[in-house]
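Next come the chains, spelled out residue by residue.
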Amino acid sequence: MGDLAVGARSGHEGPEERPGRSDEPGVDAVVDGATPGSDAGDGGSDGGEGATSGRDAKQPKKPRSFWKELPLLIGIALVLALLIKTFLVQAFSIPSDSMQNTLQQGDRVLVDKLTPWFGSEPERGEVVVFRDPGHWLDGEPTPDPNAIQRVLGWVGLMPSADEKDLIKRVIAVGGDTVECKGTGPVKVNGKALNEPYVFAGNTPCSVDDQGGQFKKTVPKGKIWVMGDHRQNSLDSRYHQNQPGGGAVPVDNVVGRAIVIAWPPTRWATLPKPDTFDQPGINALAGAAPGALGLAGAVPLVLWRRRRLTVAAARAARVSGGSTAG
């Protein structure tokens with residue numbers, strides 16, 4: 001009996017004596033697949049525990065604290081502010097009274113810097129910020145900002161104290177003839193300007209011998225600028241003895257001031273006055289009809305001369321034929 005038992009376990013008996021082997025269908029599947037509660041089932045349990053550990057490893061990490069994220073947020077904000085200042089909009093502070101009452105000293109204006117990137121040039125009537133074309137700011141006090149103000153100014157969150165910029169109104173552009181006689185009005189290409197933006201109590205033109213009386217043709221690629229506070233503005237009129245004759249190169253223009261952003265009580269847009277849209281003020285537009293007329297007349301004259309030449313030649317041939325006959 002003992003030998004038979006050992007034989008059965010060592011596989012020396014026939015198939016009918018082997019445990020777990022049978023000719024009946026489905027038995028092998030039961031043995032190979034391991035019935036519930038078998039060692040294989042235990043192994044499956046171990047595999048299940050391994051899967052659970054894998055799921056634990058895929059759980060989201062605990063988010064970092066706000067204070068750890070703060071430096072990254074500040075860095076992104078500074079980069080965005082620098083890009084905006086460079087390509088889109090920049091804030092400028094008004095340092096003087098030369099643009100009263102349109103702008104008051106201490107106002108903050110936002111300047112559009114995007115349109116010049118697409119080739120747009122300053123137009124008559126616009127308020128523009130431009131870099132000093134040369135010695136306009138000589139003798140002006142230089143601000144002394146602290147380190148924080150310098151950083152904020154560099155990225156555009158505050159007006160920069162290091163930039164030598166001025167703000168004036170464009171009165172004439174390249175090719176225009178602008179003039180001041182007596183107390184005014186100012187004339188552009190012979191058209192008198194109605195200037196309601198001029199400071200109350202001021203005259204459009206200044207009666208003096210330092211530049212207030214003039215007649216000037218603005219060179220191409222330049223603009224003629226004047227302050228709204230006419231008797232308190234050292235603008236193009238008073239720099240005619242310097243290179244450029246008082247006109248400002250278009251390349252020096254930083255952008256157009258579009259809105260007063262600060263203080264809130266002063267919020268306002270800065271549109272172009274209607275007086276600069278009056279018919280005939282555009283010198284090129286005034287010359288266009290004559291130029292078009294000349295261009296149209298030239299072909300007609302040439303065509304008529306050709307017809308006359310051909311007719312004369314025919315008459316000569318006819319006359320010669322009759323004489324020969």
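Since the structure is predicted, the reported quantities are computational estimates derived from the model, not experimental observations.

Scoring rules and cut-offs
- Residues numbered from 1 in each chain as written.
- Predicted model: local features only at pLDDT ≥ 70, side-chain atom pairs only at ≥ 80, totals over all residues.
- Heavy atoms only, no water.
- Helix = DSSP H or I, 4+ residues; strand = E, 2+ residues; numbered from the N terminus.
- Buried < 20%, exposed > 50% of the residue type's maximum accessible area, 1.4 Å probe, protein only.
- Contact = heavy atoms within 4.5 Å.
- Areas by Shrake-Rupley, 256 points an atom, 1.4 Å probe, with all protein chains shown as cover.
- Phe/Tyr/Trp six-rings, centres within 6.5 Å; stacked < 30°, edge-to-face > 60°.
- Disulfide = S-S within 2.5 Å.
- pLDDT = per-residue confidence, 0-100.

Engineer: Describe the overall build of the chain, with residues and values.
Structural biologist: Across its full length, the chain holds 6 helices and 12 strands. Out of the 325 residues in the chain, the part that is buried amounts to 27%. Taking the contacts inside the chain whose residues are at least 6 apart along the sequence as the reference set, 71% of them involve residues at least 24 apart. When the accessible surface of the chain is split by element, carbon and sulfur atoms take 59% of a total near 20,700 Å².

Engineer: Pulling in residues and values, what's your account of the packing of aromatic side chains?
Structural biologist: Counted by the stated rule, this structure contains 2 aromatic pairs. Aromatic pair phenylalanine 130 and tryptophan 136: ring centres 5.7 Å apart, planes at 90°, arrangement edge-to-face. What makes tryptophan 136 buried here is its relative accessible area of 8%. Relative to tryptophan 224, the ring of phenylalanine 214 lies with its centre 5.0 Å away and its plane at 40°, an arrangement referred to as tilted. Placement of the pair is phenylalanine 214 in strand 8 (residues 214–217) and tryptophan 224 in strand 9 (residues 222–226), with a sequence separation of 10 residues. Residue phenylalanine 214 is classed as buried on the basis of its relative accessible area of 4%.

Engineer: An account of the state of the cysteines is needed here, citing residue identities and associated values.
Structural biologist: With the rule as written, the count across this model stands at 1 disulfide. With a sulfur-sulfur separation of 2.4 Å, cysteine 180 is cross-linked through a disulfide to cysteine 205. What sets the handedness of the cysteine 180 and cysteine 205 disulfide is the S-S torsion sign, and at about -80° it is left-handed. Of this pair, cysteine 180 sits in strand 5 (residues 177–180) while cysteine 205 sits in the loop between strand 7 (191–192) and strand 8, placing them 25 residues apart in sequence. We classify cysteine 205 as buried; its relative accessible area is 0%.

Engineer: Residue-level account of the confidence of the model for the chain, with values.
Structural biologist: The predicted model of the chain averages 76 in pLDDT, with 61% of residues at 70 or higher. Considering each helix and strand of the chain separately, the mean pLDDT is smallest for helix 1 (residues 2–10), with a value of 38, and largest for strand 9, with 98. Every residue in residues 1–52 scores below 50 in pLDDT, and together they form 19 contacts with partners more than four places removed in sequence or on other chains. Taken together, the stretch residues 284–295 has pLDDT below 50 and engages in 1 contact with residues farther than four places along the chain or on a different chain.

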